[in-house]
Amino acid sequence: MNARITPVSPQLTPAPSQEELGAFWMPFTANRQFKANPRLLARAEGMYYWTPEGRQVLDGVAGLWCVNAGHGRREIADAVARQLTTMEFAPTFQMGHPMAFELANRLAQLAPPGLDRVFFTNSGSESVDTALKIAIAYHRARGAGQRTRFIGREKGYHGVGFGGISVGGIVNNRKIYASSMLPGVDHLPHTLDLGHNAFSRGLPHWGMHLANELERLIALHDASTIAAVIVEPISGSAGVILPPVGYLKRLREICDKHDILLIFDEVITGFGRVGKPFASQVFDVTPDIMTTAKGLTNGAIPMGAVFSQRKIYDAMMQGPENVIELFHGYTYSAHPAACAAALATLDLYEREGLLTRAAAIGSQWEEAIHSLRGIPNVIDVRNFGLIGAVELEPRPGKPGGRAYDVFVECFERGVMVRQTGDVIAMSPPLIIEPAQIAQLMGTLADVIRTTA
Ligand SMILES: Cc1ncc(COP(=O)(O)O)c(C=O)c1O
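How each quantity is defined
- Residues numbered from 1 in each chain as written.
- Predicted model: local features only at pLDDT ≥ 70, side-chain atom pairs only at ≥ 80, totals over all residues.
- Heavy atoms only, no water.
- Helix = DSSP H or I, 4+ residues; strand = E, 2+ residues; numbered from the N terminus.
- Rg over C-alpha atoms; globule rule 2.2 N^0.38 Å.
- Areas by Shrake-Rupley, 256 points an atom, 1.4 Å probe, with all protein chains shown as cover.
- Lys, Arg positive; Asp, Glu negative; His and termini not counted.
- Charge placed at Lys NZ, Arg CZ, Asp CG, Glu CD.
- Buried < 20%, exposed > 50% of the residue type's maximum accessible area, 1.4 Å probe, protein only.
- Pairing = 2+ DSSP bridges.
- Contact = heavy atoms within 4.5 Å.
- Patch = residues over 30% accessible without salt bridge, like charges linked within 9 Å, V, L, I, M, F, W, Y side chains within 5 Å.
- Salt bridge = Lys/Arg side-chain N within 4 Å of Asp/Glu carboxyl O.
- Near = heavy atom within 4 Å.
- Polar contact = N/O pair within 3.5 Å; in protein donor to acceptor, adjacent residues only side chain to side chain.
- Nonpolar A, V, L, I, M, F, W, Y, C, P; charged D, E, K, R; others polar.

Caption draft 1: Representation of the overall build of the protein within the structure. Helix and strand counts for the protein stand at 16 helices and 15 strands. For 452 residues, the compact-globule estimate of 2.2 N^0.38 gives 22 Å, and the protein sits close to it at 22 Å. Its C-alpha atoms give the protein principal-axis dimensions of roughly 65 × 55 × 45 Å. A total of about 19,200 Å² of accessible surface is found on the protein, and carbon and sulfur atoms cover 54% of it. Placing the 41 positive and 43 negative side-chain charges of the protein at their respective mean positions leaves the two points 2 Å apart.

Right, dumping it as structure tokens:
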């Protein structure tokens, strides 16, 4: 791997004082616990972060599943700087700017067959809510306005908008908002089953039949009420849950049979994470709508993109031509700086072969992560592309405690992983080298061994 990394800024920002930590209400963070013992990052380059004190930390999670080309990519920073000094903002409501069209075309060429109409957002959550709204609007436009239900999946994560938490299946994200969520949503069972599938290499072989649960939900609600099914091809946030062999194809068949749209949420699987630009290409199952964000700009500028099949866009293009077809959009949809970042990112991905690198290095990744099998308290190891998860035996009465301690100790020893429940998840930048895979897994193995 010969990624040319030129750091954007070599300076380290000093750490805030205890008092200065107060004002920032941190997202998805145990604020009091964190602020008592903060873990801060001040600089990044290539595969590494540095803390404000200058300690080097190997990035095992591409920031938050987004920095696929590695950190400090000068080409992206330069493209953004150029754009900001040329035109920092232009509206895309009833106006346009050339880069937005250029980016949409580039993305359409990269996308699975037919998904060549692209709606821009600023995040994965916005992409998901946009996709849900497009699904309902599409059915209405073709005279099926009664199709308003969605089918999500247990343990699914689709961001934090009200649409996303409604179709999502993570209880902590949902329980407080129970009475405020979208009505009429139902959920497929999740596909995680350690009894049948623990330590599978790649996709598990047991569980395709779980897709047939969709037929049961359709029989319960009637197909004519259902707009779309939404799933992540691979769930990340719930601790890396892989689709059993044949499962996604079966979902596709059932959706086709009943005229229900299939939405793949590729916010984490998009842009090379599993060895092709998108997971749907790896699994050879094409959705009707695909949501993306994260790797689209290498994490440099917030941006998301929703890809729709041409038939969906075309169905909406009716009525008087002076009437807006979809009453939806964000001030920053196709923000010029984000478009510049995305185009520079796509150039990098292409030039360095990063969108297929996970396939090339995937078997080394698989070998390395499965070497953790047999370590006390390791109850499962899961992998696909450059995604990995190690599930730990929960401490009695203290779910998540062991994995949290492992996560903190890994950070102390210079490796950043991610913890969800009792799962340690990993999704490194796609530029990772074998020696860094060894450092990541070696540190994790040592820490698990020494964590009671
Ligand atoms: C599958 C999936 N969908 C949606 C989101 C939400 O993205 P964001 O945090 O950018 O809103 C995430 C974030 O991790 C995700 O993994």
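Right, picking up where we left off after that structure.
Caption draft 2: Here's a closer look at the pairing of strand β10 (residues 304–308). Of all five residues that make up β10, five are buried, and the element is covered over most of its length. Of the two faces of β10, both are covered, the one formed by Gly304, Val306 and Ser308 as well as the one formed by Ala305 and Phe307. In terms of strand pairing, strand β4 (residues 117–121) meets β10 through five bridges, oriented antiparallel. Looking at β10, one finds that phenylalanine 119 is bridged to valine 306.

Caption draft 3: A look at the environment of leucine 21. Inspection of the secondary structure puts leucine 21 in the segment before α1 (31–36). For the pair leucine 21 and phenylalanine 34, spaced 13 residues apart in the sequence, the C-alpha separation amounts to 9.6 Å. With sequence-adjacent residues up to four places away left out, leucine 21 is seen in contact with Pro16, Lys35 and Pro38.

Caption draft 4: Geometry of a nonpolar patch on the surface. Side chains of Phe162, Ile176 and Tyr177 sit close together on the surface and give an oily, nonpolar patch of about 330 Å² of accessible area. Inspection of the secondary structure assignment puts phenylalanine 162 in helix α6 (residues 162–167). Its relative accessible area of 47% is what places phenylalanine 162 among the partly exposed residues.

Caption draft 5: Region of the structure containing the site of the ligand. In the vicinity of the ligand, the contacting residues are Ser123, Gly124, Ser125, Tyr157, His158, Gly159, Glu232, Ser237, Asp265, Val267, Ile268 and Lys294. A distance of 2.9 Å is found between an oxygen atom of the ligand and a backbone nitrogen or oxygen belonging to glycine 124. A distance of 2.6 Å is found between an oxygen atom of the ligand and a side-chain nitrogen or oxygen belonging to serine 125. Here the ligand loses 83% of its free accessible area of 390 Å² to cover by the protein chains. For the shell around the ligand, the per-class residue count stands at three nonpolar, six polar and three charged.

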